[in-house]
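Here is what each chain is made of, one letter per residue.
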Amino acid sequence: MTASPPPNPLAPIDDFFVSAVNALQVPGMTLSVLHKGERLIHRGAGVRRLDRPTDDPTNAMDVDSLAMVCSLTKAMTAAAVGILVHRGKLDWTTPVVAYLPEFALSDPEATKRVTLVDLLAHRTGVVGDEDFLWIGDRGDMLAIASLLKIAPHMPFGGPFRSSSYYSNFMAAVAALVVERVSGQSIADFVDENILRPLNMRDGVWSMDEFYAHPKSVRLHDVVHPRTDPAEFAADVAYNKDAPINAMYAQPESAVVDGLEEARALPIRQRVMPMYGSHYRDYVGIGFYCSTANDMIKWGQCWASGGKSASGQQVLFELDTLTKLHNPTGGMYESEADGAHGLRTLGFACGWIVQQFGEHEVLMHTGGFPGTGCVLVVVPGADIVIYLSGNQTTVDMDEILIQLSLHALLPVHRADVEKVTVASALKQLPKMKAEFVARQGIRLRSLLGETNPFAATAPAPAALPATWPELCGNYYHPAFGTLTILLDAMAGDDNDEDAVPALRVIRAPEFNKRLFRVSATSALAKKKFTDPTNAFMTFPGTMLLCFRQVEGEDDTAVQQPPSCSVSKGRVWQPLRRYEVVLMERVTGIELVFPRRD
């Protein structure tokens, strides 16, 4: 008689995954969990895109669906460096300037000492609002080579090798080193030396190929409860949306049926506009598209000591690549989160190092507006977990990782509470409400306690006298040009109550209305030396202020034409301002002087 196969220890998690995707209204998601090479869970749930029938079987999200893996490509770049080190063409301790003589930072001493480990483990100390940095003035992605021109103008957030600031920018420099030394593009080098030996055949490196693929996913975001940013801000920040706030505040102990309570709060979503083909310049640090079928091969290679399924050694220098080079905290057992026992130790090369019980964990997330993924590898236990979703506002990754690790690697410590499907179900309602509620908390802290969007709110008596003086072009040598315009009729076309507003223009597709920040905003006071004329863009992606430039007599003026009267208009001297943009991680002031 043939013995029955042992029961799958993750079967309850498999069922939870499918139910939770539905209850949280995640359009589509894949979950893969491998233990000792066995696929305990390897499936999709939901759909690839909401602009097609959800009951169409060809629209199902599955392990063959093509999705962006974003920052998971950093480990690929790090692996490429390891291969070149193994071949003797690179060295971990040789300064980067030996390979890129034109590389320079604002600190000459750091410039002379930066190595590839510094770049890949995020320990240079260089910071920057990189979402803003990567988009050029025309809306195109900055080419990797062009980044060397702006590197000397990037600010330091902390001391070299004694601080930790995640940097796409520095990882891009490592990719450029690979290209310079190998004579190939980073994509071609990774294809030839990593992806093909691992039989990873599904991936593409360009947006054109991605969108043309018959099984590519689309990116989604939440539109709740309305599409108008001002109304969204009012409903969320000023407690008009009672169900959201009530669900967010509800303790887990009060949840009776997590699935049903999460389903009871419907959210609206939309398919996001497609990104342009120029995003290929993100290759090597944040752009590659692949399937769950291929990404588990990538994870299994790391779990198997850098070997392919056939036993070929594909990755090299793993001791250096996976070593903790940049500790960021959680170094003591007592600092582990008592809820799940997983603590972050810091950065390796292209990986985040964590610990779960007695096991070292390699993990990295990938994200872009409208999509997200996570890869987890536990080499000592031969475990690989991969998740990919086509929405970033509802985050299921953490709970699914906790469930899988606790099921496969029990932690026998009294201070660690085991995460089970039953406890995970109770987290679902708050998980669904968290994104919207969190946005509301931030908006209210910036806009003040009085709802500026309420119907009873007094309309501005007149256009603020300084606003015309704020309009113009502002320039930063690293971040490029900002244009401030005055929109005479901000609001919907049919809005009879439309009022003037300022807009910040970065590129043709970067056009955002500025909302005045409350004079009592604690955040503005904390971040700006002078919070006067502070503004934010919805939904809080940028916080800036206009600061008057002082002249010799405390009055700096814009220069009028050569004559004081032109075509019947008398030129009046105007105050001159500079834009101060808050760097989001460190709060450093990035100053954009007036250029016109």
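Helix and strand counts for the chain come out as 19 helices and 22 strands. Counting only residues that meet the buried cut, the chain has 53% of its 596 residues in that class. In the chain, 66% of the contacts between residues at least 6 apart in sequence involve partners at least 24 apart. Counting only carbon and sulfur atoms, one obtains 52% of the accessible surface of the chain, whose full area is about 26,000 Å².

Below, the discussion takes up the pairing of strand 2 (residues 38–46). As paired strands, strand 1 (residues 28–35) and strand 2 are joined by eight bridges and run antiparallel to one another. Residue Leu-31 lies in a different strand from strand 2, and its bridge partner there is Arg-43. Hairpin connection of strand 1 to strand 2: two residues between the antiparallel strands, including Lys-36 at a positive phi of 55 degrees.

Working definition: an aromatic ring pair is given by the centre-to-centre distance plus the angle between the planes. By the definition in use, this model includes nine aromatic pairs. Here the aromatic rings of Tyr-474 and Phe-546 are separated by 6.1 Å at their centres, their planes lie at 65 degrees, and the arrangement is edge-to-face. Within this pair, whereas Tyr-474 is found in strand 13 (residues 472–476), its partner Phe-546 is found in strand 18 (residues 542–548), the two being separated by 72 residues in sequence. Neither Tyr-474 nor Phe-546 differs from the other in exposure class; each is buried. Above the face of the Tyr-475 ring, Arg-595 is positioned so that its terminal group lies 3.9 Å from the ring centre.

The strand order 2-1-12-11-10-9-8-7 describes an open sheet built from eight strands, whose pairing is antiparallel. The open sheet terminates on both sides in strands that have one partner only, identified here as strand 2 and strand 7 (326–327). Pairing of strand 10 (residues 359–368) with strand 11 (residues 371–378) involves seven bridges; the strand directions are antiparallel. Paired with Gly-366 across the bridge in strand 11 is Cys-373. Sheet strands touched by helix 1 (residues 11–23): strand 1 and strand 2. Its angle to strand 2, the strand with the most contacts, is close to 15 degrees. Its contacts with the sheet put helix 15 (residues 397–408) on strand 1, strand 2, strand 8 (342–347), strand 9 (352–356), strand 11 and strand 12 (383–389), and the angle it makes with strand 12 is roughly 160 degrees.

The next thing to look at is the nonpolar core. Considering soluble globular proteins, one finds that nonpolar side chains tend to be buried as a cluster. Ranked by internal contacts, the top residues of the largest apolar core, which has 97 residues, are Trp-298, Trp-302 and Phe-546. Considering each element in turn, this core owes the most residues, ten residues, to helix 7 (residues 168–182). Sequence-distant contacts of Trp-298, defined by excluding residues within four places in its chain, comprise Leu-72, Ala-75, Met-76, Ala-79, Ile-194, Leu-198, Met-200, Leu-315 and Leu-375. Val-26, Leu-40, Ile-41 and Leu-259 belong to the second largest nonpolar core, which has 48 residues in total.

A few words now on the confidence of the model for the chain. Taken residue by residue, the chain gives an average pLDDT of 82. The fraction at 70 or more is 79%. Across residues 491–497 the pLDDT falls below 50, and counting only partners more than four positions away or on other chains, this stretch makes one contact in the model. Confidence drops under a pLDDT of 50 for residues 552–571, and excluding neighbours within four residues, the segment shows 24 contacts in the predicted structure.

A separate point is the pairing of strand 9. Remember that side chains alternate between the two faces of the sheet whenever the strand is regular. Among the five residues that make up strand 9, four are buried, leaving the element largely enclosed by the rest of the structure. Note: strand 8 against strand 9, five bridges, orientation antiparallel. Along strand 9, the bridge assignment pairs Thr-344 with Gln-354. Two successive antiparallel strands, strand 8 and strand 9, enclose a turn made up of four residues, where Gly-350 displays a positive phi of approximately 80 degrees. In this structure, the hairpin formed by strand 9 and strand 10 is closed by a connection of two residues, where Gly-357 is found at a positive phi of approximately 60 degrees.

Each value, and the rule that gives it
Starting from 1, residues in each chain are numbered consecutively following that chain's sequence as written. In view of the model being predicted, local features appear only for residues whose pLDDT reaches at least 70, and side-chain atom pairs are presented and counted only at 80 or more, with totals across whole chains, interfaces and linings using the full set of residues. Water and hydrogen atoms play no part in the side-chain values, which are based on all heavy atoms of the structure. Under the DSSP-based scheme used, a helix requires at least four consecutive residues in state H or I and a strand at least two consecutive residues in state E, with every element numbered from the N terminus. Partly exposed describes any residue whose relative accessible area lies between the buried limit of under 20% and the exposed limit of over 50%, with all areas from a 1.4 Å probe on protein chains only and scaled to the type maximum. Any two residues whose heavy atoms approach within 4.5 Å at even a single point are treated as in contact. Surface accessibility in these figures is a Shrake-Rupley result with a 1.4 Å probe; residues are shielded only by whichever protein chains are displayed. Strands are treated as partners if at least two bridges between them are detected by DSSP. Classification of ring pairs uses Phe, Tyr and Trp, with its six-membered ring standing for Trp, and accepts pairs whose centres are within 6.5 Å; under 30 degrees between planes counts as stacked, over 60 as edge-to-face, and the remaining range as tilted. Only Lys NZ and Arg CZ are tested; either one counts as a charge over a ring when it is within 6 Å of the ring centre and within 35 degrees of the ring normal. Fitted lines through C-alpha atoms serve as axes, helices being fitted only where they are in contact, and the angles separating the N-to-C directions of these axes extend from 0 to 180 degrees. Only buried residues count toward a nonpolar core, which is a set of Ala, Val, Leu, Ile, Met, Phe, Trp, Tyr and Cys residues joined through side-chain atoms within 4.5 Å. Per-residue confidence from the prediction method is given by pLDDT, with values spanning 0 to 100.

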